[in-house]
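For reference, the chains in residue letters:
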Amino acid sequence: MLLQPFLILAFASIPAYAVPVDNGITIPNISEQMCGTQSPSRELRTAHAQLRQARKAGLEKRGQQIVVQLYMHFVTAFDQAHFYSAAVRQRLATSQIAALNIAYRPANIVFAANPATYTIRDDWATDANSTSMKQALRKGTYKDLNVYFQTNLSTAPYTYSPASTLLGYCTLPTQITYTNGQGGQTEYPAIDYAIDGCNVLAGSMPGSPAPISGYNEGKTAVHEIGHWFGMLHTFQGNTCAPTDGGDYIDDTPQEGVSTIGCPKGKDSCSRTPGLDPINNYMDYSTDACYTQFTPDQQARMISMFQMYRAGE
């Protein structure tokens, strides 16, 4: 079974330069954001397009409250373990869950905390062996969220340093059932979707003992979990073309380039209505800039959860 390719969110400081967008308009950048995601699957795009039409017809509405069982896993390298005592982990977990519930409560989504795990292992802390880590640690079913907070999360060759740029990544939802020989639906074995969940740099948690400047209020997890609910980036496709589906959300203005920092008045698609949604959790702004999911996003997350995860 092939799961939807995961999303990678990273930030790297580079010299200022201008990003051309919207037929000659330029926006100065002081840093570059790299995202290792592949395009959403045709299946997911089709689901978004159908739900978008349902929303326009007044058929997609915010549903009843969803309570998501949340399993948090702290994974530290040996040289970082002394920073993560039981008391520190409890404080971090409490503050991170609070940040999630503040962000998602307007969408009628609540996260219920379960006991966190704690592992000291270098190759898991750096994400060098992510699949084996998840196969060993993952709990619950496809409707339950597992988040791995790794102290040294990095990309290949997995030699983490303060200059490492990876903040997190997460899986997009996909169908986990197939038509069996009798014409019925059978769910894939849990081992086939063990990689489902989110990987987040522990330094992005509120109150982290090793905070990431600009990204330490717990909102990296908010962003990544948005992908777990099926949300796409507000700048999906990096185009201002009005015919492009973008994120398939009608109340997020078209955005031609991702946001760096919190530039008030940013307008990468000046010929389409609205300024760039720099305060939206699915952009690439700093944590202090993030404030909202839009009403359409809130309804879409409920719909996606019901379509892909509920009852699994």
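Here we summarise the structure given alongside this text.

Some remarks on the state of the cysteines
By definition, a disulfide links the sulfur atoms of two cysteine residues through a covalent bond.
And then number 1: Enumeration according to the criterion identifies three disulfides in this entry.
And then number 2: Disulfide partner of C170: C198, at an S-S distance of 2.0 Å. Where C170 bonds to C198 through sulfur, the torsion about that S-S bond is close to -50°, and the disulfide is left-handed. Taken together, the residues span a long stretch of sequence, with C170 in strand β7 (residues 166–170) and C198 in strand β10 (residues 198–201) at a distance of 28 residues.
And then number 3: Looking at C170, the relative accessible area reads 0%, which means it is buried.
And then number 4: By relative accessible area, C198 is classed as buried at 0%.
And then number 5: Disulfide pairing places C262 opposite C289 at an S-S distance of 2.1 Å. When the S-S torsion is 65°, as for the bridge of C262 with C289, the disulfide is right-handed. A residue pair is termed long-range when its members are at least 10 positions apart, and C262 in the loop between α5 (219–228) and α6 (295–309) and C289 in the loop between α5 and α6 qualify at 27 residues.
And then number 6: Here the disulfide map of the protein reads 1-2, 3-5, 4-6, the bonded cysteines being numbered as they appear in the sequence.

Things to note about the environment of G246
And then number 1: Position of G246 relative to the elements: it lies in the loop between α5 and α6.
And then number 2: The buried category is assigned to G246, whose relative accessible area is 8%.
And then number 3: A C-alpha to C-alpha distance of 6.7 Å links G246 and F235, two positions 11 residues apart in sequence.
And then number 4: Not counting residues up to four positions away in its chain, the partners in contact with G246 are L232 and Q236.

A few points about unusual backbone geometry
Working note: non-glycine residues mostly have negative phi, and peptide bonds are mostly trans.
And then number 1: For D127, which is not glycine, the phi dihedral falls at a positive 80°.
And then number 2: Mapped onto the fold, D127 is located in the loop between α3 (122–125) and α4 (130–137).
And then number 3: With a relative accessible area of 7%, D127 lands in the buried category.
And then number 4: Phi at Y248 is positive, roughly 65°, even though this residue is not glycine.
And then number 5: Mapped onto the fold, Y248 is located in the loop between α5 and α6.

A look at the pairing of β10
And then number 1: Side chains of β10 alternate between two faces, with C198 and V200 and N199 and L201 buried alike.
And then number 2: As defined by bridge partners, strand β6 (residues 145–150) adjoins β10 across four bridges and the pair is classed as parallel. Bridge pairing in β10 links F149 to V200.
And then number 3: In this sheet, β10 lies alongside β7 in antiparallel orientation, the contact comprising three bridges. Bridging across to β10, Y169 finds its partner in N199.

Points about the pattern of salt bridges
And then number 1: Enumeration according to the criterion identifies eight salt bridges in this entry.
And then number 2: Note that D196 and R309 form a salt bridge whose closest N and O atoms lie 3.0 Å from each other. You can see D196 sitting in the loop between β9 (185–187) and β10 and its partner R309 sitting in helix α6, a full 113 residues away along the chain. For the pair formed by D196 and R309, the shared burial category is buried.
And then number 3: Via salt bridges that share partners, R138, D196 and R309 belong to a single interconnected network.

Basis of the calculations
Residues numbered from 1 in each chain as written. Predicted model: local features only at pLDDT ≥ 70, side-chain atom pairs only at ≥ 80, totals over all residues. Heavy atoms only, no water. Disulfide = S-S within 2.5 Å. Helix = DSSP H or I, 4+ residues; strand = E, 2+ residues; numbered from the N terminus. Buried < 20%, exposed > 50% of the residue type's maximum accessible area, 1.4 Å probe, protein only. Contact = heavy atoms within 4.5 Å. Pairing = 2+ DSSP bridges. Salt bridge = Lys/Arg side-chain N within 4 Å of Asp/Glu carboxyl O.

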